[in-house]
Amino acid sequence: EGFGPKNIAVIVEALTDNKNRTASKIRTIFQKNNGNLGTQGSASHNFKQKGVIKIQRDQIEEEKIFEYSSDAGAEDCFCNNDYHEVHCKKDEIYNIKKKLEKYISNFVSTEIEWVPLNSVNLLGEDKEQAIKLLESLEDEDDVQNVFTNVKFT
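These notes cover the structure that comes with them. (Residues numbered from 1 in each chain as written. Predicted model: local features only at pLDDT ≥ 70, side-chain atom pairs only at ≥ 80, totals over all residues. Heavy atoms only, no water.)

## Section: the sheet that holds strand β6 (residues 83–89)
Logical step 1: Here four strands make up an open sheet; going across it, the order is β5-β6-β4-β7 and the pairing antiparallel. Strands at the two margins of the open sheet, each flanked by one partner only, are β5 (76–79) and β7 (109–116). Going across the sheet, the axis of each strand differs from the next one's by a mean of 30 degrees, ignoring polarity.
Logical step 2: Examined bridge by bridge, strand β4 (residues 47–56) and β6 share seven bridges and lie antiparallel to one another. Considered in β6, the bridge of Gln 56 is made with Tyr 83.
Logical step 3: Packed on one face of the sheet, helix α2 (residues 62–72) meets β4, β5 and β6 and runs near 165 degrees to β5.
Logical step 4: The strands that helix α3 (residues 93–100) touches are β4, β6 and β7; relative to β4, the one it contacts most, it runs at about 20 degrees. (Pairing = 2+ DSSP bridges. Helix = DSSP H or I, 4+ residues; strand = E, 2+ residues; numbered from the N terminus. Axes fitted to C-alpha atoms, helices over the stretch in contact; angles between N-to-C directions. Contact = heavy atoms within 4.5 Å.)

Structure representation (structure tokens):
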């Protein structure tokens, strides 16, 4: 966990056989991109772990996914340009997905994600620095997932 330009919050999930090497690499990436690696728990209070089910937009109509996800017990449903996103409690993700499978055959993903409680909107150079930090973290071999509270619009 760490902080990037303008104090954006970042959670990095890594899978490694050498924690010290990976932590050192991640610390260096933060430092090179106007950020700093914090202690465990320093950024996670800005997030909540949720089940996130993503479905291609063309799989189902917006009204239907709202109805089905609500009936299945999901907490929320969002639609963007590419897909529908169903949010639920992390321990209910597979039950809800199973209920949605009655109506939907193709899912983009079904994962437990760190969802920000509040989003930060960055502009100009700050946005570019944040993108550079996040891309550098994602390019690191041991890094599995990167979550941030930056809203890219």
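## Describing the pairing of strand β2 (residues 9–14)
Taken residue by residue, a regular strand's side chains alternate between the two faces of the sheet.
Logical step 1: Note that strand β1 (residues 2–3) and β2 share two bridges and pair antiparallel. Residue pairing in the sheet places Phe 3 in a bridge with Ala 9 of β2.
Logical step 2: Turn length for the β1-β2 hairpin, with the two strands adjacent in sequence and antiparallel, is five residues, and the turn residue Lys 6 shows positive phi of about 60 degrees.
Logical step 3: Note that β2 and strand β9 (residues 143–148) share five bridges and pair antiparallel. Directly across from Val 12, in β9, lies its bridge partner Val 146.

## Details of the packing of aromatic side chains
Logical step 1: Enumeration according to the criterion identifies one aromatic pair in this entry.
Logical step 2: Over the ring of Phe 107 we find Lys 97, and its NZ or CZ is 4.9 Å from the ring centre. (Phe/Tyr/Trp six-rings, centres within 6.5 Å; stacked < 30°, edge-to-face > 60°. Lys NZ or Arg CZ within 6 Å of the ring centre and 35° of its normal.)

## What to know about helix α4 (residues 124–139)
Logical step 1: Taking 1.5 Å of rise per residue, 16 residues should cover 22 Å, and α4 covers 23 Å from first to last C-alpha, within 8% of that figure.
Logical step 2: Looking at α4, one finds that the buried residues are Ala 130, Leu 133, Leu 134 and Leu 137. The arc that holds every buried residue of α4, seen down its axis, measures 90 degrees, which confines them to one face. For α4, exposure combined with an orientation more than 90 degrees from the buried face picks out Glu 125, Glu 128 and Asp 139. (Expected span 1.5 Å × (residues − 1). Buried < 20%, exposed > 50% of the residue type's maximum accessible area, 1.4 Å probe, protein only. Arc of directions from axis to C-beta.)

Functional significance is not addressed by these values, which are geometric in nature.
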